[in-house]
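What the coordinates show
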Amino acid sequence: MFDRILFPTDGGDGASAAFDHVLDLAADHGATVHVLNVADTTHDSVTRIGGEVVDVLEREGEEVVEAAADRAADRGVETVTDVLQGGVAETIAAYAGEYGIDLVAMPTRGRTGFDRLLLGSTTERVVRESTVPVLSVRPDGETMRYPYRNVLVPTDGSERAGDALDRALALADRAGATVHVLSVVGVGSVGIEGYAGVDALVEGAEETVAEAAATAEEAGIEAVEAVEVGSSAARGIEAYVDENDIDLVVMGTQGRTGVERYLLGSVAERTVRTSPVPVLTVSEPDERD
C-alpha cells in the first residue's frame, strides 16, 4: 500500500518521536522512507566559518537527515535523504509529487513547540496543499500503537469520506483491525432539544454509517457502527477516540460543505490539531493504487 513514505524533519523532539511510528509503518510495508530537511529560505542562514562561506541551515539539515537514516538502518528500513532550499510547506508538497510519494508522514509540531501546534504551521499547510495522503502525528511522549487495532473513519457520506474509507479498509485488512464508522450529528449550542429536524438528521446519519459498514463487511473487515449527537462533529470525534481505544483516525479533508471549507476551520483541521492518535487525511483519490 505504501512503497514510498516522505518524512520531513527538522530534527526536533517532535520529529524524533514521530519517526519511531513512521519506521514501524515503513518496516511493515517494506517501504523506502525519504527523509527530507528543508532549509527555509525565508531565514538568513549564510555565514562565514574559518574563511569558508557556509549555509548553516543546510549544514544542520545534513546532520539531521543523516541521523535519521542511521536510525532507519538500525531497523532495516531503506532511506533516501535530501536537504533542499525553499519555502518549507511548498517544498514538501512539490517533493511528494515529483518523487511519487505514497504517504507524507510528519509531526504536528517541530522545534518551536506547542505554540505552533498546527495553527498556521507547516503541518497544516502541507495537509492543505498535498494531493498525497498525510499522516499527522502528535508526539506527546506516549508510544503509538502499531499495527493498528481500531481504526476510526468519521463520515458524512461525501466523496472524500468514501476515499478515506477505502484507505482505512486497506490498512485494517493488512493489520486485522476493526473499523469504526462514525457519523456525528452536530446540533451546536442549542442542544438536541432546540434543534428542529434532528430526528431526520440522525436517520440520515444512520443510513450513511450502515452503508459504509456494509462496504467494510463485504471486504471481510469487522465494522462497528456509531452515530452520535453532540455540539459539534469535531468534539464527537474526540470523545469517540478517547472512549473506544482508537489507534488511528482516517478522514477526508473536504466534506459536503465544499471547497469553501477546505480544511480551514473544518472538522479535519480540528481533529488533526487535537487528536492524541495519528490522523490520516485524504484529499484526492490516489490513482496509482
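To keep things clear, this report deals only with the structure shown in the data block. (Residues numbered from 1 in each chain as written. Predicted model: local features only at pLDDT ≥ 70, side-chain atom pairs only at ≥ 80, totals over all residues. Heavy atoms only, no water.)

1. Some details on the pairing of strand β1 (residues 4–8)
In terms of burial, β1 is largely enclosed, as four of its five residues are buried. Bridge count between β1 and strand β2 (residues 32–40): five bridges; the pairing is parallel. Paired with Arg-4 across the two strands is Thr-32, which belongs to β2. This β-α-β element, β1 to helix α1 (residues 13–29) to β2, shows right-handed connectivity. In this sheet, strand β6 (residues 103–107) lies alongside β1 in parallel orientation, the contact comprising two bridges. Each residue of the ladder has a partner; that of Leu-6, found in β6, is Val-104. (Buried < 20%, exposed > 50% of the residue type's maximum accessible area, 1.4 Å probe, protein only. Helix = DSSP H or I, 4+ residues; strand = E, 2+ residues; numbered from the N terminus. Pairing = 2+ DSSP bridges. Right-handed = clockwise from strand over helix to strand, strands pointing away.)

2. Here's the deal with the side chain of Ser-183
For Ser-183, the location among the structural elements is in strand β9 (residues 178–186). A polar contact of 3.4 Å, which involves the side chain of Ser-183, links it to the backbone oxygen of Thr-155. Contact partners of Ser-183, with chain neighbours within four places excluded, come to Thr-155, Ala-205, Val-209, Ala-226, Val-227 and Glu-228. (Polar contact = N/O pair within 3.5 Å; in protein donor to acceptor, adjacent residues only side chain to side chain. Contact = heavy atoms within 4.5 Å.)

3. Topic: the pairing of β2
Of all nine residues making up β2, nine are buried, and the element is well covered by its neighbours. Residues of β2 alternate between two faces, with Thr-32, His-34, Leu-36, Val-38 and Asp-40 on one and Val-33, Val-35, Asn-37 and Ala-39 on the opposite face, all of them buried. Across eight bridges, β2 lies against strand β5 (residues 79–86) in parallel orientation. Bridged to Val-35 within β5 is Thr-81.

4. Things to note about the nonpolar core
With 47 residues, the main nonpolar core has Ile-5, Phe-19, Leu-25, Val-33, Leu-135, Leu-248 and Val-250 as its most contacted residues. Residues contacting Val-33, with those up to four places away along its chain left out, are Ile-5, Phe-7, Phe-19, Val-22, Ala-26, Val-77, Glu-78, Thr-79 and Val-80. (Core = buried A, V, L, I, M, F, W, Y, C linked by side-chain atoms within 4.5 Å.)

5. Considerations on the sheet that holds strand β7 (residues 134–137)
Backbone-to-backbone hydrogen bonds join strands into a sheet, with any given pair of strands oriented parallel or antiparallel. The 10 strands are arranged β5-β2-β1-β6-β7-β12-β11-β8-β9-β10 in an open sheet whose pairing can be described as mixed. At either end of the open sheet lies a strand with only one pairing partner, and these are β5 and β10 (223–230). Mean inter-strand twist for the sheet, computed between neighbouring axes without regard to direction, equals 25 degrees. Against the sheet, helix α5 (residues 159–175) engages β8 (150–154), β9, β11 (248–252) and β12 (279–282), with an angle of about 150 degrees to β11. (Axes fitted to C-alpha atoms, helices over the stretch in contact; angles between N-to-C directions.)

6. Things to note about the pattern of salt bridges
This structure, assessed with the given rule, holds 11 salt bridges. Of the charged contacts in the structure, one is a salt bridge between Arg-128 and Glu-124, with a shortest N-O distance of 2.8 Å. Placement of both Arg-128 and Glu-124 in helix α4 (residues 122–129) is noted, with a separation of four residues, approximately one turn of the helix. Classification of Arg-128 as partly exposed rests on a relative accessible area of 27%. We classify Glu-124 as buried; its relative accessible area is 5%. Sharing partners across several salt bridges, the network here consists of Arg-145, Asp-245 and Asp-247. (Salt bridge = Lys/Arg side-chain N within 4 Å of Asp/Glu carboxyl O.)

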